[in-house]
Amino acid sequence: MGSNSSLAAVLLPVLVLGFVSAAYAGNFHQDVDVTWGDGRAKILKGGELLTLSLDRVSGSGFQSKNEYMFGKIDMQLKLVPGNSAGTVAAYFLSSQGPAHDEIDFEFLGNLSGDPYILQTNVFTQGGGGREQQIYLWFDPTADFHTYSILWNPQRIIFSVDGTPIREYKNLESIGVPYPKKQPMRLYSSLWNADDWATRGGRVKIDWSQAPFTASYRNFRADACVWSAGSSSCTAKHSVPASTSNSSSAWLNRELDTSSQERLKLVQKNYMVYNYCTDTKRFIHGLPAECTTNVS
């Protein structure tokens, strides 16, 4: 990774302070449904491991059995190794319908030796276009790492191994829509995106390297489960009925001073694209949330 790996050597001792080891272990047989791929998605080791594969014929994917209305979602992923150019592993929350809400992690494949790009995005009422992209400070194909989405009524926090990489605040007060009215399910897929994923689509998938495989473990949802038009939470903005106060702290979570500093480190040293600075794209002015310096 060249200079990127040198930078990681400086920042890693700081960023690793946010690492949260996964002492929990979900069971994929109980937690998710494989939705497509004709056998390319596999649940292994009694439900402890899930793998998605992509070949020339098809990719694959799964979704959570439950829908959620706010929550903290954790998953450990190990991404496609080697030459993964043109592939995308997507891990996201989404509602249904044309005016859907969505909270995205997308891992954009790379040529061997180049760093993966992690793209995040937020859709509200069918509108997206809020992409940020960063390089990771480690090799995400060498081992499992924890990728987390914290979604509560005030903010969305994207984290990697406990280190926040992005905060998207509820700014309805200035007319910016925020996803808070539609329950969302967790989805993940591995698919062919070589029309855009790597260097703007200039680098295509090398099918001689197929099948491409990404691995998942330790899915956890501390969340308000939505069922039959109501939430498992005891009241609006209150704790889930099945959890303790300590485990439901995500409902009112905000970044403390240490977390804010780590977020600034990541965005200063690893960000490669931020829609809030793309004046060529937004020729008539940046989105309203960008002018507040909190997106």
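Residues numbered from 1 in each chain as written. Predicted model: local features only at pLDDT ≥ 70, side-chain atom pairs only at ≥ 80, totals over all residues. Heavy atoms only, no water.

**Considering the pairing of strand β7 (residues 117-123)**
Most of β7 is tucked away: seven of the seven residues are buried. With burial as the criterion, each face of β7 is covered, one bearing I117, Q119, N121 and F123 and the other bearing L118, T120 and V122. Both strand β6 (residues 102-108) and β7 contribute to a ladder of seven bridges, which runs antiparallel. Across the sheet, the residue bridging to L108 is I117, located in β7. Examined bridge by bridge, β7 and strand β8 (residues 132-135) share four bridges and lie antiparallel to one another. Bridged to I117 within β8 is Y135. (Buried < 20%, exposed > 50% of the residue type's maximum accessible area, 1.4 Å probe, protein only. Helix = DSSP H or I, 4+ residues; strand = E, 2+ residues; numbered from the N terminus. Pairing = 2+ DSSP bridges.)

**Focus: the confidence of the model for the protein chain**
A residue-level look at the protein chain finds 85% of positions with pLDDT of 70 or above and a mean pLDDT of 88. Below a pLDDT of 50 lies the segment residues 17-24, which in the model reaches 14 contacts outside its immediate sequence neighbourhood of four places, other chains included. Taken as a whole, residues 235-246 scores under 50 in pLDDT and shows 21 contacts with residues more than four places along the chain or in a different chain. (pLDDT = per-residue confidence, 0-100. Contact = heavy atoms within 4.5 Å.)

**Some points on the packing of aromatic side chains**
Aromatic ring pairs: the centre-centre distance and the angle between the two ring planes describe each pair. Applying the stated criterion across every chain, the model contains 14 aromatic pairs. Between F105 and F158, the aromatic rings sit 5.4 Å apart at their centres with planes inclined by 85°, giving edge-to-face as the arrangement. Here F158 lies in strand β10 (residues 155-160) and F105 lies in strand β6, a separation of 53 residues in the sequence. Residue classification places F105 among the buried positions, given a relative accessible area of 0%. With a relative accessible area of 0%, F158 lands in the buried category. With centroids separated by 6.1 Å and ring planes inclined at 65°, the aromatic side chains of W207 and F212 adopt a geometry described as edge-to-face. (Phe/Tyr/Trp six-rings, centres within 6.5 Å; stacked < 30°, edge-to-face > 60°.)

**Description of the environment of L190**
Relative to the helices and strands, L190 is located in strand β12 (residues 184-192). Sequence separation of L190 and L52 is 138 residues, and the distance between their C-alpha atoms is 6.3 Å.

**A few points about the pattern of salt bridges**
A side chain of one charge can pair with a side chain of the opposite charge when the charged atoms of the two come close. Applying the stated rule across the entire model yields 11 salt bridges. Between R185 and E67 there is a salt bridge, with its nearest N and O atoms 3.9 Å apart. Residue R185 is found in strand β12, and its partner E67 is found in strand β4 (residues 60-78); the two are separated by 118 residues along the sequence. For D114, the salt bridge identified is with R199, shortest N-O distance 2.9 Å. Taken together, the residues D114 in the loop between β6 and β7 and R199 in the loop between β12 and β13 (212-227) connect sequence positions 85 residues apart. A residue is classified by how much of its surface remains accessible, and D114, at 28% relative accessible area, is partly exposed. Given a relative accessible area of 46%, R199 falls into the partly exposed group. (Salt bridge = Lys/Arg side-chain N within 4 Å of Asp/Glu carboxyl O.)

**Digging into the UniProt feature "active site" (unreviewed entry) in the protein chain**
Look at the UniProt record and you will see "active site" (unreviewed entry) annotated at E102 and E106. Structurally, E102 is set in strand β6. As for its position among the elements, E106 is in strand β6. On the accessibility criterion, E106 (13% relative accessible area) is buried. Other than its neighbours up to four places away in sequence, E106 contacts V88, A89, A90, I117, L118, Q119, W191 and W196. (UniProt positions renumbered as here; feature names shortened; annotations may be inferred.)

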